[in-house]
Amino acid sequence: MKWGIFFCVMVIIGTIILYEWKKIKTYPKRDKITFFILLIIAGALSLFDLPNLPGPVTLLETIFRPFGNFMESL
Amino acid sequence: MEKGKISSLQMGMIMYLTIMSTAILTVPGITAKYAKQDLWLSPIWASLVGFITLIIVIRLSKNHPQQSFFQICEQTAGIYIGKLVGFIYVCFLAYVTGQIIRSYADFILTVYLPQTPISVIVISMTVLAAFTVIGGLEVIGRVSQIFFPIFFFSIFIIIILLIPKLNLSNLLPIMEDGILPSLKGAIIPQVWFGEFFLIIFLLPFLSDQSKGRKWGMITIFMVLFTFLTANLIVLFILGQNIAGSIYPFLKATRFVNLGDFIENMDPIIIALWILGSFVKITVFYYVTALGIGQWLNLTDYKPIVWPLGILIVQLSFWSLPNLMVINQHDETVSPFLGIIMQTFIPLLLLGISSFRKKVKPVKI
């Protein structure tokens, strides 16, 4: 966990909210929820040490490894 | 959602830059690893995937005119499965955008700015792309209209300057081990041809719908032609040494030397790569933002562009600590993921939608 990255991302998120707030106020509820959910996911991800954290890439590698091995053996 | 309109010629230019920008540098090296001196044959096999994808996409949009891809999913597969497929596509597009930004940053880092932290390169490109995405489809269309001639002619000027250095005997022997090595080499370039799938997101915004198919076909031929020339030039200059280098076209460009005066052309290639990657990143970023908007039936995609930008930057680092892991990942995962997401699932949707059109439900 790196606090520097986390605080940087928090500052960026704050700037985005301040910058978009005037426009987002006029949009319907669904748009607002999507906007904030994306920001919350981004904020939550910044808590981790991403390069060494297993994620979607690891999942895809587990799924497609047999195909890759098959290709190598051809 | 999107009120802008582009012409089908602009769509062709967008797709050409989207595909060619990254392909011209990295693909010859990976292809040569499998196909050796037959690497120039591989794009021909790979382009078949491009033609099939284009035909599937055009037929799909003819069956469902003026509808977004996510609406097509919901209409063919039912609301729940359609939403699930839409979710998978949104994740796939965001993930691919992250990968593209990362490969761009790695290139700049290895050849041009070795001292700069990678996050600076990634974030600056994402911010630039985000501004263009907020500008909308028309802006992307015009940007590629300006960049296309610069990209296309610079590459051909470099190829012409390289003509005195060509060693044609590197081509031989053709098909030494039969056709299989060149087919194996086609597995990587087919991902790039499969990216013609993105046309399905642009088709509803064309001002001249009927010409979409024609310009799509022309674009595939142009991409194939550029691929062939680039692969042949690289082969003629580097011979058997291609497989060892990650960016063979850049290496080949360093051979330009006309009367000891015109030389050191590689900065032009780096500039072209930045220019083309910018269009590619913008297009994928735009499609991801538009996709999320269409998938969730939002009124506008513009507010989610900036939050999505943070996510894309994070996705470009997630589980990818160094260049070695990325290259291994590119060779084992992306060929299979690409063909499944870009060709097979649209084919399945087309099958279901054609079947549904033929078998009309009986009204009681």
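Residues numbered from 1 in each chain as written. Chains lettered and ligands numbered in written order. Predicted model: local features only at pLDDT ≥ 70, side-chain atom pairs only at ≥ 80, totals over all residues. Heavy atoms only, no water.

Here the focus is the overall build of chain A. For chain A, the helix and strand inventory stands at three helices and zero strands. What you see for chain A is a C-alpha radius of gyration of 19 Å, clearly larger than the 11 Å of a compact globule of 74 residues, by over 25%. Considered along the principal axes of its C-alpha atoms, chain A spans approximately 60 × 30 × 15 Å. A total of 74 residues make up chain A; the buried ones form 31% of that total. Here chain A has roughly 5000 Å² of accessible surface; of this, 74% comes from carbon and sulfur atoms. (Helix = DSSP H or I, 4+ residues; strand = E, 2+ residues; numbered from the N terminus. Rg over C-alpha atoms; globule rule 2.2 N^0.38 Å. Buried < 20%, exposed > 50% of the residue type's maximum accessible area, 1.4 Å probe, protein only. Areas by Shrake-Rupley, 256 points an atom, 1.4 Å probe, with all protein chains shown as cover.)

Residues and elements named next belong to chain B. Evaluation of the coordinates by the stated rule reveals seven salt bridges over all chains. A salt bridge links Asp106 to Arg102, with the nearest nitrogen and oxygen atoms 3.5 Å apart. Here Arg102 and Asp106 lie together in helix α4 (residues 79-111), a separation of four residues that amounts to about one turn. Classification of Arg102 as buried rests on a relative accessible area of 5%. Glu138 is the salt-bridge partner of Arg142, the closest N and O atoms lying 3.5 Å from each other. Placement of the pair is Arg142 and Glu138 together in helix α6 (residues 137-162), with a separation of four residues, close to one helical turn. (Salt bridge = Lys/Arg side-chain N within 4 Å of Asp/Glu carboxyl O.)

Next up on the list: unusual backbone geometry. Backbone geometry places Gln66 of chain B, a non-glycine residue, at a positive phi of 60 degrees. As for its placement among the helices and strands, Gln66 of chain B is situated in the loop between α2 (42-63) and α3 (69-77).

Attention shifts here to the side chain of Thr126 of chain B. Residue and element names in this part refer to chain B. Here Thr126 lies in helix α5 (residues 118-135). On the accessibility criterion, Thr126 (4% relative accessible area) is buried. Apart from the residues within four sequence positions on either side, Thr126 is in contact with Ile101, Tyr285, Gly309 and Val313. (Contact = heavy atoms within 4.5 Å.)

The next point concerns the packing of α5 of chain B against helix α12 (residues 266-295) of chain B. Residue and element names in this part refer to chain B. Close contact between α5 and α12 brings their axes to 9 Å; oriented N to C, the two are set at 60 degrees. By the angle between their directions, the pair α5 and α12 is classed as oblique. Of the two possible hands of crossing, α5 and α12 adopt the one that is right-handed. When α5 is examined against α12, the residues Met125, Thr126, Leu128, Ala129, Ala130, Thr132 and Val133 are found in contact with a partner set consisting of Ile274, Ser277, Phe278, Ile281, Thr282, Tyr285, Tyr286 and Ala289. (Axes fitted to C-alpha atoms, helices over the stretch in contact; angles between N-to-C directions. Parallel < 35°, antiparallel > 145°, perpendicular 65-115°, else oblique. Left-handed = near helix turned anticlockwise from the far one by under 90°.)

Here chain A shows a mean pLDDT of 86. Residues at 70 or above account for 97%. Within chain A, the lowest mean pLDDT, 81, falls on helix α3 (residues 56-73) of chain A, and the highest, 90, falls on helix α2 (residues 29-45) of chain A. (pLDDT = per-residue confidence, 0-100.)

The next subject is α3 of chain A. Structural remark: α-helix, 3.6 residues per turn; residues separated by three or four positions point the same way. The end-to-end C-alpha separation of α3 of chain A is 26 Å, in line with the 26 Å expected for 18 residues at 1.5 Å each. Of all the bends in α3 of chain A, the greatest reaches close to 50 degrees and is centred on Phe64 of chain A; the proline Pro66 of chain A follows between one and four positions later. For α3 of chain A, every residue scored as buried is listed here: Val57, Leu60, Glu61, Phe64, Gly68 and Met71 of chain A. Residues of α3 of chain A that are buried in the fold lie against α4, α7 (180-185), α14 (323-332) and α15 (334-358) of chain B. (Expected span 1.5 Å × (residues − 1). Bend = angle between axes of the 7 residues up to and from the residue.)

What follows covers the interface of chain B and chain A. Think of interface size as the accessible area that goes away when the parts come together; that is how it is often given. Counting residues at the interface gives 31 residues for chain B and 36 residues for chain A. For the pairing of chain B and chain A, the buried interface totals around 3100 Å² over both sides, and the portion due to carbon and sulfur atoms is 75%. Inspection of the chain B/chain A interface yields zero salt bridges. The interface formed by chain B and chain A holds 10 residue pairs in polar contact (both at pLDDT 80 or more) in total. Broken down by secondary-structure element, the contributors of at least two residues to the side of chain B that touches chain A are α4, α13 (305-315), α14 and α15 of chain B. (Buried area = accessible area lost by both parts, 1.4 Å probe. Polar contact = N/O pair within 3.5 Å; in protein donor to acceptor, adjacent residues only side chain to side chain.)

Our next topic: helix α1 (residues 8-35) of chain B. Residues and elements named next belong to chain B. Counted at 1.5 Å a residue, the expected span for α1 with its 28 residues is 40 Å, but the 35 Å between its end C-alpha atoms falls short. Taking the largest bend as the criterion, α1 deviates by roughly 55 degrees, centred on Ile24, and proline Pro28 comes between one and four positions later. Taking burial as the measure, the 28 residues of α1 include 26 buried ones, the bulk of the element. A positive phi of about 50 degrees marks Lys36, the residue just after α1.

The subject of this paragraph is the packing of aromatic side chains. All names here are of chain B. In the structure shown here, the tally under the stated rule is 31 aromatic pairs over all chains. Ring centres 6.3 Å apart and planes at 80 degrees place the aromatic pair Tyr16 and Phe151 in the edge-to-face group. With Tyr16 in helix α1 and Phe151 in helix α6, the pair connects residues that are 135 residues apart, well separated along the chain. In terms of burial, Tyr16 and Phe151 fall into one category: buried. (Phe/Tyr/Trp six-rings, centres within 6.5 Å; stacked < 30°, edge-to-face > 60°.)

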